[in-house]
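# Observations on the model geometry
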Amino acid sequence: MSTLQNLQQKLELIKKENKKLNIFLELRSEKELIEEAKRIDERIKKGVGGKLAGKIIGIKANINVHGMKISCASKVLEDYVAPYDAFVVSKIKKEDGLIIGMLNMDEFASGGSGETSAFGPVQNPSAIGKIPGGSSSGSAAAVAAGFVDISLGSDTGGSIRNPASHCGVVGLKPSYGSVSRYGLIDLSMSLDQIGPLASDVSDAGLMLSVIKGKDEKDSIMDNNPSVHSPTTHPNKKIKVGVLDISGLNVEPEIRKLFDEKVEDARKKYGFEIKKVKIKNIELAVETYYPLVYVEFFSGTRKFDGRRYGKKIEEAAGPEVLRRVLGGSEISKAEYKGRYYNTALKVKKIIGDEFSKAFESVDCIILPTVPRLPHKIGERISVEEMYSYDALTIPANLAGCCAVSIPSGKIKGIPVGMQIMCNKFEDEKMLKIAEMFEKI
Ligand code: GLN
């Protein structure tokens with residue numbers, strides 16, 4: 001299929017379904033898109049098409065795409081137009097990916113359900129009436145609905161993997177420091193990574209190969225070996241670590257589905273299965289939030305109503321305000337070194353635990369989300385909402401890579417499983433994920 005045909009098919013679908021699903025916040029003009037698709041097809045014909053030629057792409061609304069609104073799904077930045085391309089966006093354009101629009105999300109990436117967007121919740125195309133997960137709600141839903149081939153999301157504590165799991169698609173959080181965040185409006189600078197969502201591991205891997213790489217504008221990339229040298233693939237018998245999640249509150253049906261998957265994989269590939277225990281993993285959620293609150297508060301000081309958009313305290317929704325106010329309080333109390341510093345220490349301890357575990361296994365696997373998605377609009381407590389990420393946050397604290405792939409359905413709702421590998425072993429993780437995907 002040509003790029004133009006692919007585009008036209010998708011635009012058709014979007015016209016029919018976007019109102020109901022609320023996935024795109026902004027679409028480029030049809031005329032412009034058609035012209036660009038034709039240009040890409042010409043390049044393909046001449047044999048000079050880039051790696052993403054033919055692919056239709058959507059971008060989460062917290063990543064700068066020149067000339068498009070980067071609203072972060074917030075009233076604060078509702079009319080703010082991106083003045084430049086994020087590093088990842090310029091890479092996509094160079095490889096002939098056709099970016100068609102900006103995707104809905106939780107406001108400022110603060111949420112796990114897709115419901116905190118100031119422009120209304122995203123529907124889950126794979127389970128209508130249920131939340132799609134978040135915060136990259138639109139990015140996962142766009143792939144599930146067939147609106148795009150690949151999308152970009154951002155993941156602070158699970159925002160790529162969580163919606164991927166609920167919508168039945170693949171979502172990949174790269175190792176911390178392997179993809180530049182230049183041009184991302186981040187939630188928490190010490191945890192965020194941009195990553196791809198797609199309908200299979202191969203497309204997610206393709207996008208990762210395009211967006212990763214050194215960028216002098218993002219200083220966290222300084223010591224990243226994978227940018228310079230490819231990671232080796234496993235060729236010996238793969239040792240799979242199954243994470244001990246007995247101390248965490250995971251719904252029994254999700255546990256059961258996961259256990260069946262592990263058994264199937266063992267039978268099919270002869271994987272050596274080992275139990276892995278990470279000490280203090282039950283503290284992950286409590287460790288994560290002080291870090292996010294403080295770093296988000298500090299990052300939002302530029303939204304003061306003079307430089308960018310409206311003043312955040314006056315225009316943001318309740319979840320964002322909770323974080324801004326909470327972050328301000330923690331920052332004030334910080335002279336005692338009590339909260340942020342303690343959280344940093346626990347982050348380090350959990351990270352070290354994972355490094356140790358990866359000495360004896362190739363990967364660590366676990367379910368992606370501990371519970372099934374709730375109905376859109378159903379009231380759940382803040383604690384319940386935060387606990388959706390109990391299984392995804394550990395990878396962010398440790399800085400390692402993690403991918404969620406579909407592992408089956410419960411009551412007709414997609415459920416995902418995660419494969420984690422050590423920092424900068426993203427390539428190896430993709431290989432293993434492809435094996436699980438085939439089961
Ligand atoms: N749900 C988590 C939060 O609200 C994760 C968000 C994210 O990864 N951006 O912080």
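Residues numbered from 1 in each chain as written. Predicted model: local features only at pLDDT ≥ 70, side-chain atom pairs only at ≥ 80, totals over all residues. Heavy atoms only, no water.

### As for the side chain of Thr368
Within the fold, Thr368 resides in the loop between β9 (363–367) and α12 (382–387). One polar contact links the side chain of Thr368 to the main-chain amide nitrogen of Met417, over a distance of 3.3 Å. The residues contacting Thr368, other than those within four sequence positions of it, are Arg161, Asn162, Ser165, Leu391, Thr392, Ser404, Gly416, Met417 and Gln418. (Helix = DSSP H or I, 4+ residues; strand = E, 2+ residues; numbered from the N terminus. Polar contact = N/O pair within 3.5 Å; in protein donor to acceptor, adjacent residues only side chain to side chain. Contact = heavy atoms within 4.5 Å.)

### With respect to the pairing of strand β8 (residues 272–276)
Judged from the five bridges that link them, strand β7 (residues 239–243) and β8 form a sheet pairing that is parallel. Across the sheet, Val242 pairs through a bridge with Lys275, a residue of β8. Between the parallel elements β7 and β8, the chain passes through helix α7 (residues 252–269) in a crossover that is right-handed. (Pairing = 2+ DSSP bridges. Right-handed = clockwise from strand over helix to strand, strands pointing away.)

### Side note on the packing of helix α6 (residues 201–211) against helix α14 (residues 426–437)
Close contact between α6 and α14 brings their axes to 10 Å; oriented N to C, the two are set at 165°. Between α6 and α14, the interaxial angle falls into the category roughly antiparallel. Crossing of α6 over α14 shows left-handed handedness. Residues Val201, Ser202, Gly205 and Leu208 of α6 form the contact with α14, whose own contacting residues are Asp426, Leu430, Ala433, Glu434 and Glu437. A per-class count over the contact of α6 with α14 returns four nonpolar, two polar and three charged. (Axes fitted to C-alpha atoms, helices over the stretch in contact; angles between N-to-C directions. Parallel < 35°, antiparallel > 145°, perpendicular 65-115°, else oblique. Left-handed = near helix turned anticlockwise from the far one by under 90°. Nonpolar A, V, L, I, M, F, W, Y, C, P; charged D, E, K, R; others polar.)

### Quick notes on the site of the ligand
Near the ligand lie 15 residues; those nearest to it are Thr156, Ser159, Tyr288, Arg323 and Asp389. Between the ligand and Gly111, the relevant distance is 3.0 Å, taken from a nitrogen atom to a main-chain nitrogen or oxygen of the residue. When the free accessible area of the ligand is taken as 290 Å², the share hidden by the protein chains comes to 99%. Taken atom by atom, the bulk of the ligand overlaps the largest cavity. Among the residues making up the shell around the ligand, the classes are represented as four nonpolar, eight polar and three charged. (Near = heavy atom within 4 Å. Areas by Shrake-Rupley, 256 points an atom, 1.4 Å probe, with all protein chains shown as cover. 1 Å grid on protein atoms, 1.4 Å probe; cavity = no way out; pocket = protein on both sides within 12 Å on 5 of 7 lines; lining within 4 Å. Sits in = over half its atoms within 2 Å of the grid points.)

### A word on empty space enclosed by the protein
Tallied over the entire structure, the rule returns three cavities of 30 Å³ or more. Put simply, the largest cavity is a space of about 90 Å³. Around the largest cavity, the lining comprises 15 residues; the ones closest to its centre are Gly111, Tyr288, Tyr289, Arg323 and Asp389. Counting only elements with at least two residues in the lining of the largest cavity, the list comes to α8 (284–299) and α12. By residue class, the composition of the lining of the largest cavity is six nonpolar, seven polar and two charged. (Points joined across faces, edges and corners; volume = space filled by probe spheres on them.)

### As for the pattern of salt bridges
Side-chain pairing between opposite charges can occur once the charged atoms of the two side chains come close. The final tally for this structure, using the stated rule, is 31 salt bridges. Among the salt bridges present, the one from Lys277 reaches Asp244, with a minimum N-O distance of 3.5 Å. Here the residue Lys277 occupies a position in the loop between β8 and α8, and Asp244 occupies one in the loop between β7 and α7, the gap between them amounting to 33 residues. You can call Lys277 exposed: its relative accessible area is 59%. Three or more residues joined by partner-sharing salt bridges are found here, namely Arg28, Glu32 and Glu36. (Salt bridge = Lys/Arg side-chain N within 4 Å of Asp/Glu carboxyl O. Buried < 20%, exposed > 50% of the residue type's maximum accessible area, 1.4 Å probe, protein only.)

### A short note on the packing of aromatic side chains
Within the structure shown, the criterion is met by twelve aromatic pairs. Judged by centre distance (6.3 Å) and plane angle (15°), the rings of Phe24 and Phe147 are stacked. Of this pair, Phe24 sits in strand β1 (residues 24–27) while Phe147 sits in the loop between α4 (137–144) and β4 (150–155), and the two are 123 residues apart along the sequence. The residues Phe24 and Phe147 share a single accessibility class, namely buried. Where Tyr288 meets Tyr289, the ring centres are 4.7 Å apart and the plane angle is 85°; that geometry is what we call edge-to-face. Here the guanidinium or amino end of Lys217 rests over the ring plane of Tyr182, the centre of that ring lying 4.8 Å away. Over the face of the ring belonging to Tyr388 we find Arg371, whose NZ or CZ atom lies 4.8 Å from the ring centre. (Phe/Tyr/Trp six-rings, centres within 6.5 Å; stacked < 30°, edge-to-face > 60°. Lys NZ or Arg CZ within 6 Å of the ring centre and 35° of its normal.)

### Details of the side chain of Arg181
Note on placement: Arg181 falls in the loop between β5 (170–173) and β6 (193–198). Residue classification places Arg181 among the buried residues on the basis of a relative accessible area of 11%. Beyond its immediate stretch of four places on either side in the chain, Arg181 contacts Tyr176, Met189, Asp192, Gln193, Ile194, Asp218 and Ile220.

All quantities given are derived from atomic positions and should not be read as evidence of function.
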